[in-house]
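Remarks on the overall topology
Each chain, written out:
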Amino acid sequence: MKHCPQSLLLFVCSILSAATCSHSFYLPGLAPVSFCEEGKGSPNCKSVFELFVNRLDSVESVLPYEYDAFDFCQEASERRPSENLGQVLFGERIESSPYKFNFMKEEKCKLVCKKTYDPSNADDKVKMAFLKKGMELNYQHHWIIDNMPVTWCYDVEDGQKYCNPGFPIGCYVTRDGRPQDACVINSEFNKKNTFYLFNHVDITITYHSGEGEGWEGARLVAAKLEPKSYKNTDEKNLNCESSPAMEVSSDFNGKLDFVYTYSVHYVKDNHIKWASRWDYILESMPHTNIQWFSIMNSLVIVLFLSGMVAMIMLRTLHKDIARYNQVDQEEAQEESGWKQVHGDIFRPPRKGMLLSVFLGQGTQIFIMTFITLFLACLGFLSPANRGALMTCSVVLWVLLGTPAGYVSARMYKTFGGEKWKTNVLLTALLCPGVVFSDFFIMNLILWVKGSSAAIPFGTLVAVLAMWFGISVPLTFLGAYFGFKKRSIEHPVRTNQIPRQIPEQSFFTKPLPGIVMGGILPFGCIFIQLFFILNSIWSHQMYYMFGFLFLVFLILLITCSEATILLCYFHLCAEDYHWWWRSFLTSGFTAVYLFVYAVHYFFSKLQITGAASTILYFGYTMIMVLIFFLFTGTIGFFACFWFVNKIYSVVKVD
């Protein structure tokens, strides 16, 4: 225990570093682009920039759709920028649009296109029904200018402004006259059982002129818009100020003309630096205070557990070891406690094959998570670098097959297993196979529904090729080295005849201990979990990787300490079945995660429809399995170290 001050110092340093790097999302990882007025451009300074459109999504449905699915204005020669693996897996579908701008050239009510719908045309009826469904479910546009989201900023409670990186395609007033979603912003949207289409946008582009900065031209630092609804019938005489709203009756009886227009206005602001241009979006999310509360809550749990573990280590264990090493063997026979099970403590567990496979996969997930969060904390996986987080995770998982194979083989050999081929194949295929099967079924549902989130067949083949072509061979390589090494030597010998376990009290029985073991680790993460679920299902931007990395470290400590604590109590009750129990004790945190996900679904989300519900729980099960392997592995190795340590310091005849 003489290293305690050093380890405490290391822990404090890690907290400080994580807290400081929570602001490191300023590193977008992309080069800035300069813009000049038309006629003043150069190879390093563009005069024309365009608006890109992304998929449309909704908080009321898990099914995102491509921009083209809603029959909005499209460019004649549609172009798609190359997308990385993460963007494809997340269902992002970025494409060019007919919205083109000349820098510093202001536009007023400029026509984009006109769409006509005839109720006698079956194709038009389908398009109109789909558009109405989109407005009813509050589907949102996601536009991009200069790799920056075009935001819709509006006032929320307490006079604060919230900047949403998306804006609705329209809104709906119910049959009983209740305006839904965005219809509350305008008192004119009051006609019962009517849809209002946002067919006009007022775009405001803020730029830094570059004065005194040493670069040519200006740089865009913000792009905001305000969606509006105007009924224009004459394309040559457009009015974007006093026209009535574009009403769409729920009964599609007469011919309808939708005229799409936009206005653009430029504002100079040299106070906003290009490197911090995302700040106004991120600062409008009032989360930081809650985050610090979450961290303090987690730290209290960690300090409580650390105090308990320290007390056991310093006082109880020290006394136990001193007593065990002093008494004669005859007296020891009358003693009770953890020393009495020394002849059975390292008896191989039942289902050792499955446990070793889980440990190999858990190690792979643990290293992948650590490296991904560390890189995200440094700013390499910022929101500006679209899809980078998912790409990084998948590539790391594929490349980390070697440690998975090594750990699984080494532990299986320690358990005395001999079916090494089965072990390697299960390590390489079992858990990834379950995840891929779940993912494939979810993808089939998305494909049937025509959603943009459906992974193309080519990408699925590429993922399978990475799995079988890179990950599986690397797992075999790791297993080869694992089986070549000698099995881990235990500090005490195992008796031939198993010792009978005495009658256990309620709290030292396996199930109550496992159920209790997951409570404290879950207590450390549940607030952070809320923001992660929000970013996935409510389409909010997640950028607080510094906080997340810190919570990751706290979870690591909490899982280890909770498992060690419960393991010690069970050993004192002379129950030596600790292998699976140590894995399941911290792994049970995943069950609490699933319960929280169910609570989140019913209390926070407005998801409707069977397909969306199946998709939500299908993807949640993938998260739960990954988290189960991750936390279970942490608890197991913490307990494995603890058991080896305490039995190596007692004298055993």
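Whatever comes next refers back to the structure up there.
In this report, the structure presented in the accompanying data block is examined. (Residues numbered from 1 in each chain as written. Predicted model: local features only at pLDDT ≥ 70, side-chain atom pairs only at ≥ 80, totals over all residues. Heavy atoms only, no water.)

**Section: a nonpolar patch on the surface**
- On the surface, F370, F374, L378 and F380 cluster together to form a nonpolar patch covering roughly 370 Å² of accessible area.
- Checked against the element boundaries, F370 lands in helix α7 (residues 352–377).
- With a relative accessible area of 34%, F370 lands in the partly exposed category. (Patch = residues over 30% accessible without salt bridge, like charges linked within 9 Å, V, L, I, M, F, W, Y side chains within 5 Å. Areas by Shrake-Rupley, 256 points an atom, 1.4 Å probe, with all protein chains shown as cover. Salt bridge = Lys/Arg side-chain N within 4 Å of Asp/Glu carboxyl O. Helix = DSSP H or I, 4+ residues; strand = E, 2+ residues; numbered from the N terminus. Buried < 20%, exposed > 50% of the residue type's maximum accessible area, 1.4 Å probe, protein only.)

**Some details on the layout of surface pockets**
- Considered as a void within the structure, the second largest pocket measures approximately 660 Å³ in volume.
- As for the second largest pocket, its lining consists of 25 residues, of which V59, N138, Q140, Y154 and N164 are closest to the centre.
- Put simply, the parts of the chain that give the lining of the second largest pocket at least two residues each are β4 (56–58), β11 (152–155) and β12 (161–164).
- Classifying every residue of the lining of the second largest pocket gives 11 nonpolar, 11 polar and 3 charged. (1 Å grid on protein atoms, 1.4 Å probe; cavity = no way out; pocket = protein on both sides within 12 Å on 5 of 7 lines; lining within 4 Å. Points joined across faces, edges and corners; volume = space filled by probe spheres on them. Nonpolar A, V, L, I, M, F, W, Y, C, P; charged D, E, K, R; others polar.)

**Some words on the packing of aromatic side chains**
- Enumeration according to the criterion identifies 69 aromatic pairs in this entry.
- A ring pair is formed by F70 and F72, whose centres lie 5.9 Å apart and whose planes are at 25 degrees; its orientation type is stacked. Across this residue pair, the class does not change: F70 and F72 are buried.
- With centroids separated by 5.9 Å and ring planes inclined at 10 degrees, the aromatic side chains of F636 and F640 adopt a geometry described as stacked. Separated by 4 residues within a single helix, F636 and F640 lie in helix α17 (residues 610–647), roughly one turn from each other.
- Using a relative accessible area of 9% as the deciding quantity, one classes F640 as buried.
- Grouping aromatic residues by their ring pairs yields a cluster made of F35, F49, Y99, F101, F103, W143, F167, Y207, Y262 and Y266. (Phe/Tyr/Trp six-rings, centres within 6.5 Å; stacked < 30°, edge-to-face > 60°.)

**Observations concerning the packing of helix α13 (residues 519–537) against helix α14 (residues 545–572)**
- Where α13 contacts α14, the two axes come as close as 9 Å, and the packing angle between them is 160 degrees. Relative to α14, α13 is oriented roughly antiparallel. Helix-helix and strand crossings are classified by hand; for α13 and α14 the assignment is left-handed. In contact with L520, P521, C524, I525, Q528 and I532 of α13, α14 contributes F547, L548, V551, I554, L555, T558 and C559. (Axes fitted to C-alpha atoms, helices over the stretch in contact; angles between N-to-C directions. Parallel < 35°, antiparallel > 145°, perpendicular 65-115°, else oblique. Left-handed = near helix turned anticlockwise from the far one by under 90°. Contact = heavy atoms within 4.5 Å.)

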